[in-house]
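# Architecture and fold: a report
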Amino acid sequence: IASGEPLGGGRGCVAMPDGTTVLAGFAGTAGNEDLLLARLSSNGVLDTSFGAAGLSRIDLGGSESAQSIIRLADGKLAVTGLTGVLDNEFLVSAPRLLFDIPSRFSDTLIARIDPGSGLLDPDFGNDGVTLVDFGEPQLPSFAFGRGLIQQGDGKLLAVGTLLEWGDWWYYSRIAMARIDTDG
């Protein structure tokens, strides 16, 4: 991470069988965050054999954040979160707030990660990532995965939140997606 750049935040962690811990979250500036994974050794320092000096930063071209991480039955890692854009061109009128607000468009993100390298697993989804769009076409919506489990049949179940624009404010709904083992 470049000197002086905000580090972002951690959202989840998972213990590995070798005693290391993998943290998941985001790094970057507002509207331009990337997924960030870090692996810590058993004594709590960055494991430099993971990613670049212990960190794996994944940029999908938007603004990404991991919200949850799990270890899969095959030893790989999976994260859920969001990827999206802040659209200043699409302002939503919020009369009770007396101003317009920029809209956020985001999709729920599910990614599979190689636990050794910290890189996306290209055999899952579209080059390691599956996106789920719960929103209405042409309307601002903000969907993100909050939790992730692997079911007995190997499929992944992501649960999260969908915020959709109503008459004057966002409405919250529960969003769930079940993903095949190949994404």
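### Quick look at the overall build of the chain
Secondary structure summary: the chain contains zero helices and 11 strands in total. Within the chain, buried positions represent 45% of all 183 residues. Within the chain, residue pairs in contact and separated by at least 24 positions form 46% of the contacts whose partners lie at least 6 positions apart. Looking at the chain as shown, the accessible area adds up to about 9,300 Å², and 53% of this sits on carbon and sulfur atoms.

### Things to note about the pattern of salt bridges
Summed over the entire model, instances satisfying the criterion amount to six salt bridges. Of the charged contacts, one joins Asp121 and Arg112 as a salt bridge, the two residues approaching to 2.7 Å between their closest N and O atoms. Residue Asp121 is classed as buried on the basis of its relative accessible area of 5%. Of the residues examined, Arg112 reaches a relative accessible area of 11% and is grouped as buried. For Asp180, the salt bridge identified is with Lys155, shortest N-O distance 3.5 Å. In this pair, Asp180 sits in the segment after strand 11 (170–179) while Lys155 sits in the loop between strand 9 (141–150) and strand 10 (156–165), placing the two residues 25 residues apart along the sequence. The structure contains a network of salt bridges with shared partners spanning Lys76, Arg112 and Asp121.

### Quick look at the sheet that holds strand 4 (residues 55–58)
Working definition: the strands of a sheet are paired by backbone hydrogen bonds and lie parallel or antiparallel to each other. Read from one edge of the open sheet, four strands run 1-2-3-4, paired in antiparallel fashion. The open sheet terminates on both sides in strands that have one partner only, identified here as strand 1 (9–15) and strand 4. With strand direction ignored, the average angle separating the axes of adjacent strands in the sheet is 20°. Here strand 2 (residues 21–29) pairs with strand 3 (residues 32–40) via nine bridges, running antiparallel.

### Looking at the environment of Met16
Summarising the element assignment, Met16 is placed in the loop between strand 1 and strand 2. The exposure class of Met16 is buried, given its relative accessible area of 13%. Taking C-alpha positions, Met16 is 9.8 Å from Ile70, a pair spaced 54 residues apart along the chain. If we ignore the near neighbours within four places in the chain, the residues touching Met16 are Val22, Arg71, Gly75, Leu77 and Pro115.

### Digging into the environment of Gly154
Mapped onto the elements, Gly154 comes out in the loop between strand 9 and strand 10. Along the sequence, Gly154 and Thr181 sit 27 residues apart, while their C-alpha atoms lie 5.9 Å from each other.

### Remarks on a nonpolar patch on the surface
Nonpolar side chains collect at one region of the surface, where Val159, Ile174 and Met176 lie side by side and expose about 320 Å² of accessible area between them. If you trace the backbone, Met176 turns up in strand 11.

### Quick look at the confidence of the model for the chain
The predicted model of the chain has a mean per-residue pLDDT of 82, with 77% of residues at 70 or higher. Predicted confidence is poor over residues 94–102, with pLDDT under 50, and the contacts of this stretch with residues over four places away or in other chains come to 22 contacts.

Here is what the cut-offs are and how they apply
- Residues numbered from 1 in each chain as written.
- Predicted model: local features only at pLDDT ≥ 70, side-chain atom pairs only at ≥ 80, totals over all residues.
- Heavy atoms only, no water.
- Helix = DSSP H or I, 4+ residues; strand = E, 2+ residues; numbered from the N terminus.
- Buried < 20%, exposed > 50% of the residue type's maximum accessible area, 1.4 Å probe, protein only.
- Contact = heavy atoms within 4.5 Å.
- Areas by Shrake-Rupley, 256 points an atom, 1.4 Å probe, with all protein chains shown as cover.
- Salt bridge = Lys/Arg side-chain N within 4 Å of Asp/Glu carboxyl O.
- Pairing = 2+ DSSP bridges.
- Axes fitted to C-alpha atoms, helices over the stretch in contact; angles between N-to-C directions.
- Patch = residues over 30% accessible without salt bridge, like charges linked within 9 Å, V, L, I, M, F, W, Y side chains within 5 Å.
- pLDDT = per-residue confidence, 0-100.

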